[in-house]
Amino acid sequence: MINQQTKNKKILFISLLLGFFVFANLSSSEEAIKYDNHTNFDINSELVSDAIDPLCNGISYSQLSTNTLYRVSNMDINFINKASWYENLLSVIKDVDYIYESRKKRFKAEVKVYYEDGSFCSFPSEIRISGDHQDHIRKTNLAASLDVHLKNGNIGNIVKFKLFLPETRNNDIELVATSIMNKLGFLTPRTYKVNVSLNNQEKIEYIFQEKIVKEMIEHKQLRESALLETSEDFFWENRQLLNENKPVLFAKLLNTNWVNRTPYNKQIGIESLDEYNKIIFQSEGSYLIYDYIENPKLQKFDTAILAFDGHHGLAIHNRKFYYDKLRNELIPIYYDIDSQIENRDLYIKKCDEELLNQYEKFICINNFAEGAIKLLRDIDFESKDIKLDLEQKNININDEYIENVFNKFIENLENISKISSKDNTFTNQHISNFKMNYLNNALNSAIGFYFYNFDNKFFEFCTSNLDKCVQKNIEIAKIDSPLVVDDVSYYFLGSKKTIGNSSQETKEVSIDKNVFIKNMGASSKIFIDSKNKLVDIKLGKKSKIFIHGTGVLKSWNINIVGNKDEVEDNFRQDSNLLTGCVTFFGIEIYDIEISSKNNMCEDAINLLNVKGFIRDINIINSHFDGLDIDFSNLEIQNINIENSGNDCLDISSSILEIDTFYSNNCVDKSLSIGEKSTVKITTFESLQSNIAVAVKDSSNVTISNKLGIENDMCIAMYRKKQEFGPSYLKIENYLCDGKSENFIQYGQELVVDN
């Protein structure tokens with residue numbers, strides 16, 4: 001309910017707005033004004049503390065919008081210390097076999113990226129040799145596969161990537177396979193072909209592939225979470241330290257900086273290790289064995305890789321995963337499959353025959369026959385669609401080649417679908433499985449493993465064969481693997497808890513068909529009136545609400561009241577990866593109303609991966625952000641947000657159309673738009689906020705009518721995150737008074753058309 005004071009303010013706004021529009025229409029010129037008051041970054045604004053340098057010396061939004069990843073014509077890479085680079089490279093060649101970790105140190109370099117239109121950008125970087133074997137080095141011209149980290153700037157929103165010698169990825173098959181896997185909805189890195197000159201030498205062709213990092217995950221519209229791989233610490237040169245006859249394999253966190261950032265992230269990281277270690281430890285051979293009913297996405301993914309004849313990518317030591325905490329599942333990531341689909345026929349044995357090795361058991365126990373049936377049902381595209389996808393990426397591959405690969409992929413799936421399956425029994429005793437399958441005779445006094453005990457909140461340190469474990473009274477600020485204690489290198493394995501058990505209360509009930517409401521944490525009061533389509537939520541202390549599912553929530557009213565005794569949390573997201581007091585996740589909504597008041601979370605309301613139409617949102621008295629919208633595609637008729645301790649409305653990586661947005665008393669920004677969002681607003685009103693509207697990070701925004709009163713700043717346009725660039729803002733009717741000058745960084749485009 002909007003109080004009388006607010007009504008009076010809105011009447012004043014409307015009167016001013018109408019008067020302004022009449023004046024604007026009578027006096028406006030026919031030509032829009034394109035502002036060029038770009039601020040030098042060194043001058044900065046006291047009201048904008050999170051701006052970073054403009055991209056590529058201030059490249060404009062218009063120019064960058066055409067200079068995408070797939071419009072890169074070539075690159076020049078020059079090492080700052082060329083002698084040291086080649087000295088290290090020659091040392092690798094002398095090693096004859098493996099590329100040892102000691103040879104994978106990073107060297108400073110400049111990466112110059114040239115686009116088809118003739119423009120270029122230069123970025124400082126750090127680069128190392130990539131790969132495990134010497135096939136990643138050409139001795140004839142000293143070219144090598146490279147691992148590149150840009151220290152400033154990005155290429156098509158990518159800041160970390162690999163440059164593979166094409167022969168290490170079987171040339172064009174990598175480009176076709178990644179296109180097909182992406183079409184099937186699997187987590188697949190963006191992959192491209194590019195010519196590169198290394199240290200001013202003749203250009204050679206590389207396969208460009210983004211690394212499995214935060215930017216890739218968020219590009220796939222997933223929230224940042226734990227990333228995992230299989231540790232190779234005892235796979236290559238150190239195998240003999242534990243078990244020279246069999247490598248000791250266990251899960252390893254890839255993004256330890258994210259994991260160690262907060263206690264909640266640590267908990268998510270530990271849970272992800274438990275989930276992956278459970279599968280590794282019960283897999284006694286070279287391939288993952290799992291319960292395919294519990295892991296349907298993994299089953300389909302592995303079946304697809306098998307159909308590509310990608311045995312290499314199915315080996316345990318080559319696996320990589322994203323831990324989707326919101327769905328509590330491991331999501332496999334495409335990586336280094338080394339497809340042999342064009343060189344040989346796929347060998348598959350029927351499951352009712354004698355299975356002689358782990359490869360044959362792996363296919364049958366995981367029921368790839370069922371996975372193939374599902375994939376054949378999912379495929380709704382043809383080889384010509386793959387050709388078109390590659391052409392749009394500026395990749396030219398022979399039509400016949402693409403058709404042959406695609407048809408053989410389909411043929412392999414059809415053959416796999418006919419092999420039947422083999423039953424298997426699994427236990428939750430993953431630590432016992434680890435000892436039995438990997439640690440026989442693995443005794444080395446200089447090596448151990450350590451665990452975290454969730455119940456008693458301490459770390460437990462064990463010998464290398466796990467026969468003896470003790471609690472050590474030491475403070476561990478961050479999770480390291482290995483962690484050196486008393487001259488012993490301890491490798492972190494997560495916890496010893498039984499997978500699937502959780503002390504956290506997670507009550508879940510159905511609101512509508514395939515739409516559920518779950519209480520996360522302490523108990524909240526939830527009243528559901530199905531007849532009148534009403535949900536009333538009174539949050540308990542340290543409680544959040546999670547509304548999720550695969551269905552449609554239509555014509556419901558949802559009212560949320562915060563807990564007056566709630567205390568402020570020091571961290572923006574919790575151990576469930578939630579930022580909102582109430583989070584709507586993964587559902588379709590239509591003609592609903594949402595109201596919220598007196599909430600203390602990072603976001604009072606969070607709309608995450610949501611699509612549809614919302615009639616009305618009213619949010620009052622939020623301790624931090626009022627409404628946060630991420631990875632969503634929505635039409636919203638009316639938004640009213642008042643008294644937010646940070647931003648009133650924060651939009652990221654979303655496509656939105658908003659009819660009316662009214663905001664009042666936003667401590668930071670009334671409207672914050674970023675991370676490549678596309679937003680259209682008919683009428684936007686901002687009263688008494690720090691910044692009326694901030695447009696950041698490659699976003700495109702159009703506001704038909706903007707009115708602002710008593711704001712410290714009317715407009716801020718700048719770059720906040722390395723993986724993004726300049727933005728575009730067009731305002732058709734503009735009236736705003738700000739105490740400070742607008743902050744428009746170089747490269748940003750602001751058009752005011754009164």
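See the structure above.
Because the structure is predicted, anything quoted here is derived from the model rather than measured. (Residues numbered from 1 in each chain as written. Predicted model: local features only at pLDDT ≥ 70, side-chain atom pairs only at ≥ 80, totals over all residues. Heavy atoms only, no water.)

Below, the discussion takes up the overall build of the protein. A tally of helices and strands in the protein yields 14 helices and 43 strands. Relative to the globule expectation of 27 Å for 754 residues, the C-alpha radius of gyration of the protein, 28 Å, shows essentially globular dimensions. In terms of overall dimensions, the protein has C-alpha extents of about 80 × 60 × 55 Å along its principal axes. Counting every position in the protein, which comprises 754 residues, the buried fraction comes to 57%. A separation of at least 24 residues holds for 61% of the contacts in the protein among residues at least 6 apart in sequence. Approximately 32200 Å² of the protein is accessible, and the part contributed by carbon and sulfur atoms is 45%. The centroid of the 85 positive side-chain charges in the protein is displaced by 3 Å from the centroid of its 108 negative side-chain charges. (Helix = DSSP H or I, 4+ residues; strand = E, 2+ residues; numbered from the N terminus. Rg over C-alpha atoms; globule rule 2.2 N^0.38 Å. Buried < 20%, exposed > 50% of the residue type's maximum accessible area, 1.4 Å probe, protein only. Contact = heavy atoms within 4.5 Å. Areas by Shrake-Rupley, 256 points an atom, 1.4 Å probe, with all protein chains shown as cover. Lys, Arg positive; Asp, Glu negative; His and termini not counted. Charge placed at Lys NZ, Arg CZ, Asp CG, Glu CD.)

Here we come to the side chain of E329. Structurally, E329 can be placed in strand β15 (residues 329-332). Those residues in contact with E329 that sit more than four places away from it in its chain are K297, Y322, Y323 and D324.

By the element assignment, I636 lies in strand β33 (residues 633-644). We classify I636 as buried; its relative accessible area is 2%. Measuring from C-alpha to C-alpha, the distance between I636 and K94 comes to 64 Å, with 542 residues separating the pair along the chain. For I636, the contacting residues outside a window of four places in its chain are I614, I617, I629, E657, I658 and D659.

Moving on: helix α11 (residues 368-378). All of the buried residues in α11 are F368, A369, G371, A372, K374 and L375. Where α11 is buried, its residues contact α8 (296-307), α10 (358-365) and α13 (399-416).

What follows is about the sheet that holds strand β19 (residues 483-485). Adjacent strands of a sheet pair through backbone hydrogen bonds, lying either parallel or antiparallel. If you walk across this open sheet you meet the five strands as β18-β17-β16-β20-β19, and the pairing is mixed. The open sheet has two edge strands, β18 (469-471) and β19, and neither has a second partner. Ignoring strand direction, the axes of neighbouring strands in this sheet form an average angle of 35°. Bridge count for β19 against strand β20 (residues 488-495) is three bridges, and the pairing is antiparallel. Residue V484 lies in a different strand from β20, and its bridge partner there is S489. Helix α7 (residues 263-281) rests against β16 (447-453) and β20 of the sheet, and its axis sits at about 95° to β20. (Pairing = 2+ DSSP bridges. Axes fitted to C-alpha atoms, helices over the stretch in contact; angles between N-to-C directions.)

Turning to unusual backbone geometry, a few remarks are in order. Residues apart from glycine generally show negative phi values, whereas peptide bonds are mostly found in trans. Following S481, the chain continues into P482 via a peptide bond in cis, with omega recorded as 10°. Here P482 lies in the loop between β18 and β19. A positive phi is found at D309, a non-glycine position, where the angle reads about 55°. The residue D309 is located in the loop between α8 and α9 (311-314) in this model.

What follows covers the packing of helix α4 (residues 172-183) against helix α12 (residues 383-392). It is at 10 Å that the axes of α4 and α12 come closest, and there the two elements cross at 110°. If you check the angle between α4 and α12, you find them roughly perpendicular. On α12, the residues that touch L175, V176, S179, I180 and K183 of α4 are D385, I386, D389 and L390. For the contact of α4 with α12, a count of residues per class yields five nonpolar, one polar and three charged. (Parallel < 35°, antiparallel > 145°, perpendicular 65-115°, else oblique. Nonpolar A, V, L, I, M, F, W, Y, C, P; charged D, E, K, R; others polar.)

Further remarks concern the environment of A522. Mapped onto the elements, A522 comes out in the loop between β22 (515-521) and β23 (525-529). Residue classification places A522 among the partly exposed residues on the basis of a relative accessible area of 31%. Sequence separation between A522 and K541 is 19 residues, and the spatial gap between their C-alpha atoms is 6.5 Å. Ignoring anything within four residues of it in the chain, the contact list for A522 reads K541, K542 and S543.

Taken in spatial order, the four strands make up an open sheet running β13-β12-β14-β15, and their pairing is antiparallel. Every other strand in the sheet has two partners, leaving β13 (251-253) and β15 as the edge strands with one partner each. For this sheet the average axis-to-axis angle between neighbouring strands, irrespective of direction, equals 35°. In the packing of α7 onto the sheet, contacts are made with β12 (227-230), β13, β14 (320-324) and β15, and the angle to β13 comes to roughly 155°. Seen against the sheet, α8 touches β14 and β15 and runs at an angle of roughly 15° to β15.

With that settled, the discussion passes to the state of the cysteines. Per the stated rule, a full pass over the model turns up six disulfides. Here C351 pairs with C364 through a disulfide, and the sulfurs are 2.0 Å apart. On the sign convention where negative is left-handed, the bridge of C351 and C364, at about -95° about the S-S bond, is left-handed. With a gap of 13 residues between them, C351 in the loop between β15 and α10 and C364 in helix α10 connect regions that are remote in the sequence. Both residues of the pair, C351 and C364, count as buried. A disulfide bridge connects C581 with C601, and the sulfur atoms are separated by 2.0 Å. Taking the sign of the torsion about the S-S bond as the criterion, the disulfide between C581 and C601, at about 105°, is right-handed. Taken together, the positions of C581 in strand β28 (residues 580-585) and C601 in the loop between β29 (588-599) and β30 (603-608) put the pair 20 residues apart, joining distant regions of the chain. With respect to class, C581 is no different from C601; both count as buried. (Disulfide = S-S within 2.5 Å.)

Take α12 next. Among the residues of α12, S383, I386, K387, D389 and L390 are the ones counted as buried. The buried residues of α12 occupy one face: seen down the axis, they fall within an arc of 160°. For α12, the exposed residues lying more than 90 degrees away from the buried face are K384 and Q392. Residues of α12 that are buried in the fold lie against α4 and α13. (Arc of directions from axis to C-beta.)

The side chains of a regular strand alternate between the sheet's two faces. Most of strand β17 (residues 458-463) is tucked away, with five of its six residues classed as buried. Bridge count for β16 against β17 is six bridges, and the pairing is antiparallel. Directly across from Y452, in β17, lies its bridge partner F459. Hairpin connection, β16 to β17: the antiparallel pair is bridged by four residues, and K457 has positive phi, about 55°. Relative to β18, β17 is paired through three bridges, and the arrangement is antiparallel. Pairing of F461 across the sheet is with V470, part of β18.

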